[in-house]
Amino acid sequence: MLVFPTITISENTPFMRGESYGRQASLLISMSIDTYKSKLARAGLSWEIAQEVAMRHLDWASENEGMPDMIEDIRGISEGAGRDIRDIAVLNCVYELLHFPKECTSFALKREATMDSHVILGQNWDQDPTIGAQAVILDIIEEETGNHIFGISEAGQLIKSGMCVRSDGTAVAIAGSSILSNLDKVGIGCPTTILKRKALCLGRMESIINLVTGSARSVSSNINIATTEDEVYSIELLPEVVDREDRLLVDPYYILKPMSGAVTHDNGIRSVPQIDMYRHGHPRGTHLKILFSERTGSIDLDYIKRCLSDHEGYPGSICSHGCDENDNWQTIASVIYDLDAKRAYISCGAPCQSEYIEFVL
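Residues numbered from 1 in each chain as written. Predicted model: local features only at pLDDT ≥ 70, side-chain atom pairs only at ≥ 80, totals over all residues. Heavy atoms only, no water.

### Comments concerning empty space enclosed by the protein
The final tally for this structure, using the stated rule, is 4 cavities of 30 Å³ or more. Within this model, the largest cavity holds a volume of roughly 200 Å³. As for the largest cavity, its lining consists of 17 residues, of which Y95, E103, K160, T192 and K196 are closest to the centre. Of all the secondary structure elements, the ones that give two or more residues to the lining of the largest cavity are helix 6 (94–98), strand 7 (171–177), helix 8 (192–200) and strand 8 (221–227). Residue classes in the lining of the largest cavity are distributed as 5 nonpolar, 8 polar and 4 charged. Approximately 70 Å³ is the volume attributed to the second largest cavity. (1 Å grid on protein atoms, 1.4 Å probe; cavity = no way out; pocket = protein on both sides within 12 Å on 5 of 7 lines; lining within 4 Å. Points joined across faces, edges and corners; volume = space filled by probe spheres on them. Helix = DSSP H or I, 4+ residues; strand = E, 2+ residues; numbered from the N terminus. Nonpolar A, V, L, I, M, F, W, Y, C, P; charged D, E, K, R; others polar.)

### Brief notes about the sheet that holds strand 2 (residues 105–109)
Read from one edge to the other, the open sheet built from 6 strands follows the order 11-2-3-12-13-14, with strand pairing classed as antiparallel. The sheet terminates laterally at strand 11 (262–265) and strand 14 (356–360), the two strands that pair on one side only. The sheet shows a mean angle of 15° between the axes of neighbouring strands, taken without regard to direction. Running over the sheet, helix 11 (residues 301–308) touches strand 2, strand 3 (120–127), strand 12 (330–338), strand 13 (343–348) and strand 14 and is turned about 160° from strand 12. (Pairing = 2+ DSSP bridges. Axes fitted to C-alpha atoms, helices over the stretch in contact; angles between N-to-C directions. Contact = heavy atoms within 4.5 Å.)

### Some thoughts on the sheet that holds strand 5 (residues 148–154)
If you walk across this open sheet you meet the 8 strands as 1-4-5-6-7-8-9-10, and the pairing is mixed. Both edges of this open sheet fall to strand 1 (6–11) and strand 10 (253–256), since each of them pairs with a single strand only. The sheet shows a mean angle of 15° between the axes of neighbouring strands, taken without regard to direction. Looking at chain direction, strand 5 and strand 6 (residues 161–165) are connected through 5 bridges and run antiparallel. When the bridges of strand 6 are listed, H148 appears paired with V165. Against the sheet, helix 9 (residues 205–214) makes contact with strand 7, strand 8, strand 9 (231–237) and strand 10, and its axis sits at roughly 5° relative to strand 9, the strand it touches most.

### With respect to the nonpolar core
Ranked by size, the top nonpolar core spans 82 residues in total, and within it I29, I194 and Y337 carry the most contacts. No other element matches the 6 residues that helix 3 (residues 47–64) contributes to this core. Residues contacting I29, with those up to four places away along its chain left out, are G22, I77, A81, I88, L91, A155 and G156. (Core = buried A, V, L, I, M, F, W, Y, C linked by side-chain atoms within 4.5 Å. Buried < 20%, exposed > 50% of the residue type's maximum accessible area, 1.4 Å probe, protein only.)

Treat this as a map of the structure, not an account of what it does.
Structure (structure tokens):
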């Protein structure tokens, strides 16, 4: 049975946590850097330019978004892994640099939707399988706050998706999907890895929404959020683009509310479909929503696993297996976070072929 390596961290400063992470994952981080050097080169972007752009993103997050603690974490990863901080900056900005067009199917469920009245969030993570070979599970204790953060990530990144259990017993979970709009551009903003990691620790939905919607961004993204206050939302974040008269072309964010206790998302822009640049064949998020609606009030863990293993629209299904011989994109992991039970379930590889491993926080 394949499993992702677990990086266990318990320190009392962001830098020390990053250093522990970098030291434990140094080999995988080096592999990830090599992978992205090749991907960026194929996209026509040199590593040196990528480093420069990524550092501008980190400087912006530290100076304009109030996240110097997150940058200290990245500095620690650099130190622990023995790599230039600019390399780690690139790893945390690959979404902004390469902007993968078809990454993930995600969901969140309110208590009214589930059999045991638990709040649950999760996703299928779709990517190049080489990325799966460099993924890690992060199990982090912030000793100074008591926060327990658990999630999955590419080695060297702060987080991909995760759950945070706070010292007062409340919990937050975050995941997301890639979206691609004709407003996306080369620019500066807060990297999504940093934004999600920071948002995890805020605790209350109002604070999380204010953070993610108020951050600057140059590319579009989607974030699903759930809390033990029984609040679940899917937020589409779009770059701020103005016309010649300095008027916004579209609202910079849209909050999608649950229907029948569920929100789902894939890679299609729901709020302003005319700006959507990803013309996907099978609406995975819509199909997942239909599957959930058929069991509203009686959704349990086994049913969620079956839904995440669904192959309608194969090969571009919820459980994805690559579209043709030239497209190796596939589901490399599946994650489920039960906020009330304080448990996570992670499969290494497509859930139709892999067993979910249970983790108790």
